[in-house]
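Examining the three-dimensional arrangement
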Amino acid sequence: PRGYGPLQTGVMYINVVTLQPFYGVVHTHGYRKGPCLIDGNGGFNTTLKVSLLADENDEIYCGINKGVKGERSVSLAIRPHKNLELTDDKNYYLTCEQSGYKNVRGGTYKVTLKLLDMSGQRAGRILHGNTYILRAQLTPYDSITSLRIKNCFAFTDDTGAGDQVQLIDPYGCPAPAADALISPFNYNTTHTAEAVLYEMFKYPDTNKLNIQCDLYCVGATVRSR
């Protein structure tokens, strides 16, 4: 399995790839329940989404351990049979570290995604219907590496499942259904990009909204997500 997902998003994506169709179950140790478990459907790629920010008393808590340096770790079980424990079961311990990506000089990049008001200040209060700037920034700056943004989507729940709205498509363009919501990203420099959210939207019956993007460091030794 492979775990990925910046800690700012609050989600770890655990991707399990098998050589044979998988009809078993993937779950975190001690938490065989909906948010912490996914059944295989006969495919070769099974993805479990786990909240990194949930507290032990939350229903979506899946046994995430918090490290002293901000890292998050979890024990994972991959079982070929949905109901039985077999000798073929596999167990793993996965860690998601703070966001930072190796650059060509051996240093570390950080990528941030911020919501700003139209004066360029970080928005402290988000109002339905107002216009905002979505800014992605790569630090530290150099002349070798540039930033590219793809696959932005909005969601409300902590696992990002079920209510996603695509904003930016895999090619870095506004999704067809989101033309009226967001502009294309304007790359002001090689390390800063901004898109305009024309009118802040919301989901029915909730004030909670998350926006997540795939941020790529072009020219870095490791692609960022």
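Just above, that's the structure.
Scope of this entry: the structure provided in the associated data block. (Residues numbered from 1 in each chain as written. Predicted model: local features only at pLDDT ≥ 70, side-chain atom pairs only at ≥ 80, totals over all residues. Heavy atoms only, no water.)

For the rest of this paragraph, the subject is the state of the cysteines. Under the criterion given, the structure shown has two disulfides. Paired through a disulfide, cysteine 152 and cysteine 213 show a sulfur-sulfur distance of 2.0 Å. Measuring the twist about the S-S bond at about 115 degrees, one finds the cysteine 152-cysteine 213 disulfide to be right-handed. Taken together, the residues span a long stretch of sequence, with cysteine 152 in strand β12 (residues 146–155) and cysteine 213 in strand β16 (residues 210–218) at a distance of 61 residues. For cysteine 152, a relative accessible area of 0% corresponds to the buried category. Among the residues examined, cysteine 213 registers a relative accessible area of 7% and is labelled buried. In the protein chain, the bonded cysteines, taken in the order they occur along the sequence, pair up as 1-2, 3-4. (Disulfide = S-S within 2.5 Å. Helix = DSSP H or I, 4+ residues; strand = E, 2+ residues; numbered from the N terminus. Buried < 20%, exposed > 50% of the residue type's maximum accessible area, 1.4 Å probe, protein only.)

Let's shift gears to the nonpolar core. Counting 26 residues, the largest nonpolar core has Leu147, Ile149, Cys152, Leu167, Ile182, Phe185 and Leu215 as the members making the most contacts within it. Listed by contribution, the elements that provide at least two residues to this core are β10 (108–116), β11 (132–139), β12, β13 (165–168), β15 (192–197) and β16. Discounting residues that sit within four places of it in the chain, isoleucine 149 has contacts with Ala136, Ile168, Gly172, Phe185, Tyr187, Ala193, Cys213, Asp214 and Leu215. The next biggest cluster of nonpolar side chains, apart from the first, holds 16 residues, and it includes Phe22, Cys36, Val50 and Ile78. (Core = buried A, V, L, I, M, F, W, Y, C linked by side-chain atoms within 4.5 Å. Contact = heavy atoms within 4.5 Å.)

Here the focus is the packing of aromatic side chains. This model, assessed by the stated rule, comprises one aromatic pair. Residues tyrosine 31 and tyrosine 61 carry aromatic rings whose centres are separated by 5.6 Å and whose planes lie at 85 degrees to one another, so their mutual orientation is edge-to-face. In this pair, tyrosine 31 is assigned in the loop between β3 (25–28) and β4 (37–39) and tyrosine 61 in the loop between β5 (43–51) and β6 (65–66), connecting sequence segments 30 residues apart. Relative accessible area serves as the criterion here: at 25%, tyrosine 31 is assigned to the partly exposed category. Sitting over the ring of tyrosine 187, arginine 148 keeps its end group 4.5 Å from the ring centre. (Phe/Tyr/Trp six-rings, centres within 6.5 Å; stacked < 30°, edge-to-face > 60°. Lys NZ or Arg CZ within 6 Å of the ring centre and 35° of its normal.)

What follows is about the pattern of salt bridges. Going through the model one piece at a time under the given rule, you end up with four salt bridges. Lysine 66 is the partner of aspartate 55 in a salt bridge, and the nearest nitrogen-oxygen pair spans 3.8 Å. You can see aspartate 55 sitting in the loop between β5 and β6 and its partner lysine 66 sitting in strand β6, a full eleven residues away along the chain. The exposure class assigned to aspartate 55 is partly exposed, which follows from its relative accessible area of 45%. (Salt bridge = Lys/Arg side-chain N within 4 Å of Asp/Glu carboxyl O.)

So, about the sheet that holds β13. Two modes of strand pairing occur in sheets, parallel and antiparallel, and in both the strands are linked by backbone hydrogen bonds. As summarised here, the arrangement of the three strands in space is β13-β12-β16, forming an open sheet in which the pairing is antiparallel. A single partner strand is all that each edge strand has here, and the edge strands are β13 and β16. Taken pair by pair, the neighbouring strands of this sheet meet at an average axis angle of 20 degrees, ignoring direction. Here β12 runs beside β16; their pairing, made up of eight bridges, is antiparallel. Each residue of the ladder has a partner; that of serine 146, found in β16, is valine 218. (Pairing = 2+ DSSP bridges. Axes fitted to C-alpha atoms, helices over the stretch in contact; angles between N-to-C directions.)

So, about the side chain of aspartate 169. Position of aspartate 169 relative to the elements: it lies in the loop between β13 and β14 (186–187). Not counting residues within four places of it along the chain, the set of residues in contact with aspartate 169 comprises Lys150, Asn151, Pro174 and Ala175.

With that settled, consider the environment of threonine 156. Secondary-structure assignment places threonine 156 in the loop between β12 and β13. The spatial distance from the C-alpha of threonine 156 to the C-alpha of asparagine 207 is 8.6 Å, given a sequence separation of 51 residues. With residues up to four places along the chain from it excluded, the contact list for threonine 156 reads Asp163, Tyr203, Thr206, Lys208 and Asn210.

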